[in-house]
Amino acid sequence: CRLKDLKMSLIKKINRELKLAMLSKDKLKLDSLRAIKSSLILHQTSNSSQNEITEKEEIKILQKLVKQRQESANIFMNQNRLDLAKPEKDQADYISKFLPKQLTNLEISNIISNVISEIKADGLKDIGKVIKLVVMKTEGRADGKSISNIVRHKLSKWNTYKILFKYTFVIR
């Protein structure tokens, strides 16, 4: 059954899960699955030149849906509307189950360190190059905000070390 799931397209998985959610009358799953299906179909019809959605596009769509719900939940939490925040958070958690396993910050940090040394990044001026390569290497297994924050931290730290190293030789 696992092998079958791996080869099954996301829209087919969503349709199967949607039927199960309807039978079990699970409102959270129904709402989440309908949102996913709607976004996939909308994207599919907007790209009239091709009928199939690539796996990368599916991941981007799912990440967008998760991010929207997390942002909504944060807004509701800031306004002390826990009754509205909880369903949004639950939907974000459920939708994220369809995403590939996310990398930990440590794994992202290791990838970033490798990229920085590969391209010999020289401080914050190379932030765009580093982020672009890291995003390509992580392929949807890490969100852009985490990548950006870690890259910025590492490159600014590198800049600080470079300045300290430079002044150490100037003073002596």
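In short, a report on the structure. Because the structure is predicted, anything quoted here is derived from the model rather than measured.

The rules behind the values
Residues numbered from 1 in each chain as written. Predicted model: local features only at pLDDT ≥ 70, side-chain atom pairs only at ≥ 80, totals over all residues. Heavy atoms only, no water. Helix = DSSP H or I, 4+ residues; strand = E, 2+ residues; numbered from the N terminus. Contact = heavy atoms within 4.5 Å. Areas by Shrake-Rupley, 256 points an atom, 1.4 Å probe, with all protein chains shown as cover. Buried < 20%, exposed > 50% of the residue type's maximum accessible area, 1.4 Å probe, protein only. Lys, Arg positive; Asp, Glu negative; His and termini not counted. Salt bridge = Lys/Arg side-chain N within 4 Å of Asp/Glu carboxyl O. Polar contact = N/O pair within 3.5 Å; in protein donor to acceptor, adjacent residues only side chain to side chain. Phe/Tyr/Trp six-rings, centres within 6.5 Å; stacked < 30°, edge-to-face > 60°. 1 Å grid on protein atoms, 1.4 Å probe; cavity = no way out; pocket = protein on both sides within 12 Å on 5 of 7 lines; lining within 4 Å. Points joined across faces, edges and corners; volume = space filled by probe spheres on them. Expected span 1.5 Å × (residues − 1). Arc of directions from axis to C-beta.

### Structural notes on the overall build of the protein chain
Then, in step 1: Secondary structure assignment for the protein chain yields 8 helices and 0 strands.
Then, in step 2: N-terminal to C-terminal, the α/β element order of the protein chain is α-α-α-α-α-α-α-α.
Then, in step 3: Of the contacts made within the protein chain by residues no fewer than 6 positions apart, 57% connect residues no fewer than 24 positions apart.
Then, in step 4: Carbon together with sulfur atoms contributes 57% to the accessible area of the protein chain, which is approximately 12,200 Å² in total.

### Thoughts on the side chain of Glu57
Then, in step 1: Within the secondary structure, Glu57 is located in helix H4 (residues 55-78).
Then, in step 2: Here Glu57 is buried and forms no salt bridge, its nearest opposite-charge partner Lys60 lying at an N-O distance of 7.5 Å.
Then, in step 3: A distance of 2.9 Å separates a polar atom in the side chain of Glu57 from the backbone nitrogen of Thr54.

### A word on the packing of aromatic side chains
Then, in step 1: For the coordinates displayed, the defined rule picks out 1 aromatic pair.
Then, in step 2: For the pair Tyr94 and Phe98, a centre-to-centre distance of 5.7 Å together with 80° between the ring planes defines the contact as edge-to-face. Here the two residues Tyr94 and Phe98 agree in accessibility, since each one is buried.

### As for the layout of surface pockets
Then, in step 1: Looking at the largest pocket, its volume works out to about 630 Å³.
Then, in step 2: Along its surface, the largest pocket is lined by 24 residues, and Gln63, Val66, Lys67, Gln70 and Asp143 are the ones closest to its centre.
Then, in step 3: Among the secondary structure elements, those contributing two or more residues to the lining of the largest pocket are H4, helix H5 (82-96) and helix H8 (144-171).
Then, in step 4: For the lining of the largest pocket, the element with the highest residue contribution is H4, accounting for 11 residues.

### Observations concerning the environment of Ile61
Then, in step 1: Position of Ile61 among the secondary structure elements: in helix H4.
Then, in step 2: Aside from chain neighbours lying at most four places away, what touches Ile61 is Ser39, Leu40 and His43.

### Some points on helix H6 (residues 105-119)
For an α-helix the count is 3.6 residues per turn, leaving residues at separations of three or four pointing the same way.
Then, in step 1: Here H6 spans 21 Å end to end across 15 residues, near enough to the 21 Å set by a 1.5 Å rise per residue.
Then, in step 2: Inspection of H6 places Ile108, Ser109, Ile111, Ile112, Val115 and Ile116 among the buried residues, and these make up the whole buried set. For H6, the buried positions fall inside an angular range of 165° around the axis, keeping them on one side.

### Re helix H2 (residues 10-24)
Then, in step 1: Taking 1.5 Å as the rise per residue, H2 with 15 residues should run 21 Å; its terminal C-alpha atoms sit 21 Å apart, in good agreement.
Then, in step 2: Within the sequence span of H2, burial applies to Leu10, Ile14, Leu18 and Ala21. Taken around the axis of H2, the buried residues stretch over an arc of 75°, which confines them to a single face. Exposed residues on H2 whose side chains face more than 90 degrees from its buried face are Lys12, Lys19 and Leu23.
Then, in step 3: Residues of H2 that are buried in the fold lie against helix H3 (27-46) and H4.
Then, in step 4: Two residues or fewer after H2 comes Lys25, characterised by a positive phi angle close to 55°.

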